[in-house]
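So the chains spell out like this:
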Amino acid sequence: MSEVVIRNPQFMDRLNEISDEFFTHKDYDNKKYWTYRIEEDIDQGEYFCSREYLEECLQRDKLVGAPDRYFGQPIAKMCKVESEEWDPYKQKVKFDFAQEIGAHTSALLTYYPPGGYVGWHTNFDANAYQILFTWSDGNGYFRYYDKEKDEIITLPDVKGWQCRHYYFGSDEEPENLCWHSAYSGGERITLAYKFVNNGVANGDTKDQQAKLMRDMLIEEIESV
Ligand SMILES: [Fe+2]
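About the criteria used
- Residues numbered from 1 in each chain as written.
- Predicted model: local features only at pLDDT ≥ 70, side-chain atom pairs only at ≥ 80, totals over all residues.
- Heavy atoms only, no water.
- Helix = DSSP H or I, 4+ residues; strand = E, 2+ residues; numbered from the N terminus.
- Buried < 20%, exposed > 50% of the residue type's maximum accessible area, 1.4 Å probe, protein only.
- Contact = heavy atoms within 4.5 Å.
- Polar contact = N/O pair within 3.5 Å; in protein donor to acceptor, adjacent residues only side chain to side chain.
- Donors = N, O, S within 2.8 Å, 3.2 Å for Na, K, Ca; no water.
- Pairing = 2+ DSSP bridges.

### Focus: the environment of glutamine 162
- For glutamine 162, the location among the structural elements is in strand E9 (residues 159-168).
- Owing to a relative accessible area of 6%, glutamine 162 belongs among the buried residues under this scheme.
- Every residue in contact with glutamine 162, bar those within four places of it in the chain, is listed here: Glu3, Ile6, Leu132, Phe133, Thr134, Pro156 and Asp157.
- In terms of polar contacts, glutamine 162 uses its side chain to reach the side chain of aspartate 157, at 3.4 Å.

Pasting the structure below:
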């Protein structure tokens, strides 16, 4: 998991536009948008991001691709409930912005109310070079499992925008699988964009291209 330093002021402006616009919608945090597997999951975030739950996931026969325990407001749900209110925002952030930054698609656009989270999972089914942007009020964290050291690394959120990138491998490349989870003590918005290869990081043309597009974006974000 590598940090991308947002040095480019224009890029930071774009991100701030995205978060500002989100918060101008009244009732942006509303039970009608809450998405979870079962209601009891709502206040179980710290457990589903814990070592204990990770161990349970690791012992399963089936890999967890998308998180199976979560609490948040994915944009798809918000659009389903209030399409007039949220469809234009989804278009702008999920599609137009993806194009703007040269990404293939958006993997995620989710608002997490206080207590929101995604439990341990690998993204193996969304295999890609991914760029993740997170806006936070500073009360959450991102976690990943360092297999080699058998260690859980917790990266506390900073206030405002931050950016990371990572290659999330498919189930055909276990060495590139990355278990991760995230918890939001306060408010948090996460955007993820994919630069896709053919399903494995084997250095073929498509793989090189995806990586190059990602690297160009990183360079843009980090340049003053
Ligand atoms: Fe994920």
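### Here we look at the coordination of the iron ion
- Around the iron ion, the protein contributes the donor atoms His121 (NE2), Asn123 (OD1) and His180 (NE2), at 2.1 to 2.4 Å from the metal centre.
- In primary-sequence terms, the residues that donate to the iron ion follow H-x1-N-x56-H. Placement of histidine 121 in strand E5 (residues 117-121) and of histidine 180 in strand E10 (residues 180-184) is noted, with a sequence separation of 59 residues between them.
- Histidine 121 gets classed as buried once you look at its relative accessible area, which sits at 4%.
- The class of histidine 180 is buried, set by a relative accessible area of 4%.

### Examining the pairing of strand E6 (residues 128-137)
- Where burial is concerned, most of E6 is hidden: nine out of the ten residues are buried.
- As paired elements, E6 and E9 share ten bridges and run antiparallel to each other. Its bridge partner lying in E9, serine 136 is registered against glycine 160.
- Where E6 meets strand E11 (residues 188-195), eight bridges bridge the pair, whose relative direction is antiparallel. Each residue of the ladder has a partner; that of isoleucine 131, found in E11, is tyrosine 193.

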